Amino acid sequence: MELLIKRGRLVDPVGGVGGVMDLLIRNGKIAGLGSDLGDQAEKILDADGMVVCAGFVDMHVHLRDPGLEYKEDIITGTRAAARGGVTTVACMANTKPVVDCPEQIKYVLDKADTACGVRVLPVAAVSVGLQGEKLTDAEALKAAGAVALSDDGFPIQNANLMRDALIRAKRYDMPVLTHCEDANMVENRAVNEGSISRQLWLEGRPAIAEELMIMRDAMLAEETGAHVHIQHVSTAKSVDIIRRMKKKGVPITCETCPQYFTLTEDEVLTCGSMARINPPLRTKRDVEAIVRGLQDGTIDAIATDHAPHSKEEKSRPLEKAPSGMVGLETSLAVTLTSLYHTGKMDLSAILRCMTFNPAAILRLGTGRLAIGADADITIFDPDEVWVVDPEQFASKGRNTPFTGRELKGRVKYTIVGGKIIYQDA
């Protein structure tokens, strides 16, 4: 099977590929890159005016499967990913049952084989049952197909357990993805500690709860030599800590999400529980610091923390609603609208955070437009304007604070292994 993509604006932030050219796919691999590759392929896509890049790798997604399929499942979650240009997702372990043994890894991989074609990479739990008491068998989990370890959603409070986990993870060359919040300081509070929490007469989640845990895990990474990856960075001081640790040579990477460089805690006043996430939306100063962290490379990756919930759950009062928002179908457009179209970041730097960098953190060896590479490709129109309507989502989740927002940038095709798995109608 040959697929020829004609006249696209190719962008590869690492390999130096750029400019308007053709891309030929043969038998699931990239077989040619050039200014004129003819027109003899079995299928031809005209990408004139569109960007052609490596498929997006979202390293932080909640597919809710097994056990919470009323929120999302692997079938609907991967459809949502395809609509967002995401060709690979790393799914978190906080399901029911928890993905903490080889049998659960097999369940995820087997069900992913029946889905739309998006590559699904299971992230296994650090601790059994996410209880923070006993470590899982990292060796067996990796052999079964886990790409990383994480107790996301249940931060590991025991420093000694975390240290032991890092020592084991280093032995098997697995990154540990850490949700950094001190549980005693945040409890189940709904919003950032600050002006909005005071207006609402609510106890808040202080920024230092995140920063203390990042410092702890960074120091453990320095001491053990293990790779720590900080999830959903949200505060200015968090960025500063990570920047300093990277300069020291500590093996630490991090991600943030579109909501943390576009929205502030004020969103809670208008969107209520739709704006409730963990860690919470912060201040304008924090948003500006997250953008600077992306600009200077301190922040390595842009992920979604796609966290679908049912309509009933998110319609509860702010203090009782679960935390989380969906993001797979809006991530690219929100990022382009707030960073690219405002001139804050160039397209190559943005795409590096969504392709090559997350792939490198997960040891995938992908995220490139190169001869012989898997033909995982995203094609998007960076200038198409559209309005967010959650009722049109492929995800079961409708919980987004971006409802009604006008965004600029839309995915037109998603290709995995040379097969078109999504085409914008």
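Below or above, wherever it landed, is the structure these notes cover. Numbers given for residues are sequential positions, taken from 1 along each chain in its written order. Totals for whole chains, interfaces and linings use every residue, but because this is a predicted model, local features are given only for residues with pLDDT of at least 70 and side-chain atom pairs only at 80 or more, for both listing and counting. Remark: hydrogens and water are excluded; side-chain values derive from all non-hydrogen atoms of the structure.

## Thoughts on helix α12 (residues 331-340)
Counting buried residues along α12, 8 of its 10 residues qualify, which places the element largely inside the surrounding structure. Of all the positions in α12, only S331, L332, A333, V334, T335, L336, S338 and L339 are classed as buried. Those residues of α12 that are buried lie in contact with β6 (56-61), α10 (284-295), β13 (301-302), α13 (347-354), β14 (377-387) and β15 (406-416). Per-residue accessibility, obtained with a 1.4 Å probe over protein chains only, is compared with the maximum for each type, and a residue is labelled buried under 20%, exposed over 50%, and partly exposed between these values. Think of it this way: any DSSP run of H or I at least four residues long counts as a helix, any run of E at least two long counts as a strand, and we number them from the N terminus. Contacts are assigned to residue pairs that have any heavy atoms within 4.5 Å of one another.

## A closer look at the state of the cysteines
What counts as a disulfide here is a pair of cysteine sulfur atoms lying within 2.5 Å. Under the definition given, this model contains 0 disulfides. Free cysteine C116: the closest other cysteine sulfur is in C91, separated by 13 Å.

## So, helix α2 (residues 102-112)
Looking at α2, one finds that the buried residues are Q104, I105, V108 and A112. Buried residues of α2, seen end-on, are gathered within an arc of 105° and therefore sit on one face of the element. Residues of α2 that are exposed and point more than 90 degrees away from the buried face comprise E103 and K106. Close packing links the buried residues of α2 with α1 (74-83), β7 (86-91), β8 (119-124) and α3 (138-144). Think of it as the arc spanned by the lines of direction from the helix axis to the C-beta atoms.

## Some words on the pattern of salt bridges
Where side chains of opposite charge bring their charged atoms close, a pairing between them can arise. Take a side-chain nitrogen of Lys or Arg and a carboxyl oxygen of Asp or Glu: if they are within 4 Å of each other, that pair is a salt bridge. Summed over all chains, the structure comprises 29 salt bridges. Here D12 and R368 are joined by a salt bridge, their closest N and O atoms 3.7 Å apart. Of this pair, D12 sits in the loop between β1 (2-11) and β2 (18-26) while R368 sits in the loop between α14 (356-361) and β14, and the two are 356 residues apart along the sequence. Looking at D12, the relative accessible area reads 4%, which means it is buried. Each of the salt bridges in this network shares a partner with another, and the network as a whole consists of E384, R410, K412 and D424.

## As for the nonpolar core
Definition of nonpolar core: a set of buried residues of the types Ala, Val, Leu, Ile, Met, Phe, Trp, Tyr and Cys, connected through side-chain atoms within 4.5 Å. Counting 77 residues, the largest nonpolar core has F56, V89, L149, I230, L294, L351 and F380 as the members making the most contacts within it. Among the nonpolar cores identified, the runner-up in size contains 20 residues, and A190, I196, C257 and A275 belong to it.

## Remarks on the side chain of D217
Secondary-structure assignment places D217 in helix α7 (residues 207-224). With near-sequence residues (within four places) excluded, D217 lies in contact with M162, T178, C180, V228 and I230.

## Here we look at the sheet that holds strand β12 (residues 252-256)
The pairing of strands in a sheet comes from backbone hydrogen bonds and takes either a parallel or an antiparallel form. With respect to topology, 8 strands assemble into an open sheet ordered β6-β7-β8-β9-β10-β11-β12-β13, the strand pairing being parallel. Across the chains shown, the open sheet's two edge strands, defined by having one partner strand only, are β6 and β13. For two strands to count as paired, DSSP must find a minimum of two bridges between them. Here β8 pairs with strand β9 (residues 148-150) via 2 bridges, running parallel. Following the sheet pairing, V123 is matched in β9 by A148.

## A look at the packing of α12 against α13
Packed helices, taken two at a time, are described by the angle their axes make and the gap between the axes. Orientation is described by axes fitted as lines to C-alpha atoms, over the contacting stretch for helices, and by angles from 0 to 180 degrees between their N-to-C directions. Between α12 and α13, the least distance of the axes is 11 Å, while the angle of their chain directions is 145°. Seen along the crossing, α12 lies across α13 with a hand that is right-handed. Listed contacts from α13 to S331, L332, T335, L336, L339 and Y340 of α12 are L347, I350 and M354. A per-class count over the contact of α12 with α13 returns 7 nonpolar, 2 polar and no charged. Crossings are sorted by hand: turned counterclockwise from the far helix by less than a right angle, the near helix makes the crossing left-handed, and turned clockwise it makes it right-handed. Under the convention adopted here, Pro, Cys and the residues Ala, Val, Leu, Ile, Met, Phe, Trp and Tyr are nonpolar, Asp, Glu, Lys and Arg are charged, and Gly plus all remaining residues are polar.

## Observations regarding unusual backbone geometry
Looking along the chain, the bond that leaves K96 and enters P97 is cis, with omega of 5°. On the secondary structure map, P97 appears in the loop between β7 and α2. The omega torsion of the bond from N278 to P279 falls at -10°, within 30 degrees of zero and hence cis. Secondary-structure assignment places P279 in the loop between α9 (267-271) and α10. Of note in the backbone geometry, L130 takes a positive phi value of approximately 60° without being a glycine. Within the secondary structure layout, L130 lies in the loop between β8 and α3. The buried category is assigned to L130, whose relative accessible area is 7%. Of note in this structure, H232 is not a glycine but carries a positive phi near 30°. Counting through the fold element by element, H232 comes out in the loop between β11 (228-230) and α8 (236-247).

## Thoughts on the side chain of T298
Looking at the secondary structure, you find T298 in the loop between α10 and β13. With a relative accessible area of 5%, T298 lands in the buried category. Of note is the side chain of T298, whose polar atom sits 3.2 Å from the side chain of R243. Excluding residues that lie within four positions of it along the chain, T298 makes contacts with V239, I242, R243, K246, C254 and G293. Pairs of N or O atoms are called polar contacts if they sit within 3.5 Å, as long as, within protein, a hydrogen donor faces a hydrogen acceptor (for residues adjacent in sequence, only side-chain-to-side-chain pairs).

## Things to note about the pairing of β6
Counting buried positions along β6 yields 6 of 6 residues, so the element is predominantly enclosed. Inspection of the sheet shows β6 paired to β7 by 4 bridges, in the parallel sense. Each bridged residue has a counterpart across the sheet, and for D58 the counterpart in β7 is V89. Every crossover in which the path from the first strand over the helix to the second runs clockwise, viewed with the strands pointing away from the viewer, is termed right-handed. As for the winding sense of the linkage, the β-α-β connection from β6 through α1 to β7 is right-handed.

That's the geometry; what it means functionally is another story.
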